[in-house]
Amino acid sequence: MSTPLRKNRNYTILWGAQAASEVGFNAVTIALPLLVLVVTGSPAASGLAVGASAAAQLVAGLPAGALVDRWDRKRVMLLCEAGQILAAASIAAALWFDVLGLAHIIAAAALMGLCRAFFEPAEHATLPRVVPAEQVHSAIAGNAARGYLGQLSGTALGGALFTLARVVPFAVDMVLHVFSFIALLFLRVPAQERARASLSRLLPEIGHGLRWVWGQRFIRATAACLIGVNFFFTAFYIVIIVLAHQRGLSPAEIGVMAAMFGIGGLLGALAAPTLNRLLTPYLSIVGIFVALTLLTPVAVFIHNGYLMGLLLAGIAFLAPTANVTISTYQLLLTPDEMRGRFSSVMAVLGGASAAAGPAVGGLLAGLAGGTQVILLCTAGIAVLTILALISPALRAFPDKNDLLEAQKEPAHH
């Protein structure tokens with residue numbers, strides 16, 4: 001019998017280390033634009049600083065995945081935590097000595113994004129090597145809960161710490177990454193098969209990763225599901241915020257509304273392992289599409305922030321079950337030597353759709369109005385729902401037991 005996840009030493013180290021990092025990252029995500037506004041007084045500069053982190057993560061994504069498949073993944077994670085420490089410490093020190101400028105902030109933000117571009121595929125690829133195959137779905141659900149928890153606590157912490165003093169959130173972020181670095185030193189990861197090739201082979205390796213992902217029927221179908229729904233939902237979410245403001249909701253109500261969305265996601269992530277056992281893979285995936293199609297148009301008729309928060313919480317509650325199902329099957333179907341590239345391909349595609357969704361949603365809301373865009377998003381999700389319902393690949397999704405039997409690697413604890 002497998003060791004329970006809570007007693008799996010390596011998983012708890014990996015989970016705890018990244019939980020600390022998530023809190024620090026989300027605290028800085030709030031504090032950074034506030035800091036730029038204080039230093040420069042320019043909203044455009046604030047957006048530039050935040051965009052630098054996202055841009056660095058997006059640009060470095062595909063090369064990072066190929067390099068993670070070459071390099072020792074534990075060492076990659078340690079180097080990324082060291083980079084995060086350096087970025088936060090440099091801002092804190094510059095604030096302390098009153099020498100902080102916009103170029104410094106942008107460079108530090110870009111370094112943070114670069115570190116995340118490498119850390120995420122390294123951690124994702126490490127997970128099946130420290131967790132038995134039959135527990136991967138529970139581990140992914142635990143990581144999803146960690147993400148929601150880090151977002152909720154880090155966002156609240158960042159704003160509160162910034163009111164104390166500008167330097168405090170960055171100093172706390174540095175301390176949290178130091179904790180993560182020290183914890184990761186004690187992580188034991190079985191040796192991986194690593195290709196040792198010259199840098200001239202990097203582009204062909206990236207291309208091989210892209211072709212491999214495209215050539216996998218189930219991965220291609222589930223990736224299309226995630227990218228499509230991510231685009232329409234992120235567009236829907238930004239329009240909800242705009243619509244709430246236009247309808248006269250107070251900033252406090254909007255803040256509670258956003259927090260309820262996070263709480264719904266956290267509860268959904270905690271419930272995902274149980275729901276994954278009760279539902280077939282096909283039902284757990286198409287269920288979120290059907291629910292989104294039914295729930296998103298309800299937003300047109302809601303004028304109360306707390307009721308809107310309940311609606312968002314309901315939507316968020318359902319999402320982790322589908323995400324855990326998809327991520328588990330994708331990860332188990334991917335050979336270990338390809339997991340870094342697979343993770344980076346998915347991160348880049350997901351990041352691009354998540355960035356495009358709010359941009360398109362905000363633009364259309366300004367041109368056509370929030371109500372029309374909500375209905376447009378609903379129509380887009382409805383089309384995806386029909387495609388998911390009739391998809392031969394999703395209908396023929398492999399049984400979890402068949403996947404577990406196919407695993408050639410021994411379980412590592």
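Caption draft 1: Main features of the confidence of the model for the protein. When pLDDT is averaged along the protein, the result is 83; 92% of the residues meet or exceed 70. Taken as a whole, residues 408–413 scores under 50 in pLDDT and shows 16 contacts with residues more than four places along the chain or in a different chain.

Caption draft 2: Structural context of helix H12 (residues 339–368). Between its terminal C-alpha atoms H12 stretches 42 Å, which fits the 44 Å expected from 30 residues at 1.5 Å a residue. Just beyond H12, the residue with positive phi is Gly369, at close to 100 degrees.

Caption draft 3: Spatial organisation of the environment of Ile326. For Ile326, the position within the fold is in helix H11 (residues 305–333). Given a relative accessible area of 2%, Ile326 falls into the buried group. The sequence separation of Ile326 and Gly159 amounts to 167 residues, and the corresponding C-alpha distance is 34 Å. If we skip the residues at most four places from it in the chain, Ile326 touches Thr222, Leu226 and Ile285.

Caption draft 4: Fine view of the side chain of Arg73. Relative to the helices and strands, Arg73 is located in helix H3 (residues 73–96). In terms of polar contacts, Arg73 uses its side chain to reach the backbone carbonyl oxygen of Asp336, at 2.9 Å.

Caption draft 5: Up close: the packing of helix H8 (residues 217–246) against H11. Where H8 meets H11, the axes come as close as 11 Å, and the angle between the chain directions of the two elements is 160 degrees. As the angle between them shows, H8 and H11 are arranged roughly antiparallel. Relative to H11, H8 is oriented so that their crossing is left-handed. Counting all contacts with H8, which are made through Phe218, Ile219, Thr222, Ala223, Leu226, Phe233, Phe236, Tyr237 and Ile240, the residues of H11 involved are Met308, Leu312, Ile315, Asn323, Ile326, Gln330 and Leu333. Class assignment of the residues belonging to the contact of H8 with H11 gives a composition of 13 nonpolar, 3 polar and no charged.

Caption draft 6: Structural view of helix H6 (residues 168–185). Taking 1.5 Å of rise per residue, the 18 residues of H6 would be expected to cover 26 Å, and the 26 Å separating its terminal C-alpha atoms lies within 8% of that figure. Turning to H6, its buried residues number three or more, namely Pro169, Phe170, Asp173, His177, Ser180, Ala183 and Leu184. One side of H6 carries all its buried residues, which in axial view fall inside an arc of 140 degrees. Residues of H6 that are buried sit in contact with helix H1 (9–40), H3, helix H4 (102–130) and helix H5 (136–164).

Caption draft 7: Molecular detail of a nonpolar patch on the surface. Taken together, the side chains of Val290, Leu294, Val383, Ile386, Leu387, Leu389 and Ile390 define a hydrophobic patch exposed on the protein surface, amounting to about 630 Å² of accessible area. Mapped by element, the contributors of at least two residues to the nonpolar patch are helix H10 (281–295) and helix H13 (370–390). Its place among the elements puts Leu387 in helix H13.

Caption draft 8: Expanded view of the packing of H1 against H4. At a minimum axis separation of 12 Å, H1 and H4 run at an interaxial angle of 160 degrees. By the angle class used here, H1 and H4 are roughly antiparallel. For the crossing formed where H1 meets H4, the hand is left-handed. Each of Asn10, Tyr11, Leu14, Gln18, Glu22, Phe25, Val28, Leu32, Leu35, Val36 and Thr40 in H1 lies in contact with H4, whose residues at this interface are Leu102, Ile105, Ala109, Met112, Arg116, Phe119, Glu123, Thr126, Leu127 and Val130. Residue classes in the contact of H1 with H4 are distributed as 14 nonpolar, 4 polar and 3 charged.

Caption draft 9: Structural view of the packing of aromatic side chains. One pass over the full model with this rule turns up 6 aromatic pairs. Judged by centre distance (5.8 Å) and plane angle (40 degrees), the rings of Phe233 and Phe236 are tilted. On the criterion of helical spacing, the pair formed by Phe233 and Phe236 is a turn pair, its members being 3 residues apart in helix H8. Note on Phe233: relative accessible area 14%, which makes it buried.

Reading the values: the criteria
Residues numbered from 1 in each chain as written. Predicted model: local features only at pLDDT ≥ 70, side-chain atom pairs only at ≥ 80, totals over all residues. Heavy atoms only, no water. pLDDT = per-residue confidence, 0-100. Contact = heavy atoms within 4.5 Å. Helix = DSSP H or I, 4+ residues; strand = E, 2+ residues; numbered from the N terminus. Expected span 1.5 Å × (residues − 1). Buried < 20%, exposed > 50% of the residue type's maximum accessible area, 1.4 Å probe, protein only. Polar contact = N/O pair within 3.5 Å; in protein donor to acceptor, adjacent residues only side chain to side chain. Axes fitted to C-alpha atoms, helices over the stretch in contact; angles between N-to-C directions. Parallel < 35°, antiparallel > 145°, perpendicular 65-115°, else oblique. Left-handed = near helix turned anticlockwise from the far one by under 90°. Nonpolar A, V, L, I, M, F, W, Y, C, P; charged D, E, K, R; others polar. Arc of directions from axis to C-beta. Patch = residues over 30% accessible without salt bridge, like charges linked within 9 Å, V, L, I, M, F, W, Y side chains within 5 Å. Areas by Shrake-Rupley, 256 points an atom, 1.4 Å probe, with all protein chains shown as cover. Salt bridge = Lys/Arg side-chain N within 4 Å of Asp/Glu carboxyl O. Phe/Tyr/Trp six-rings, centres within 6.5 Å; stacked < 30°, edge-to-face > 60°.

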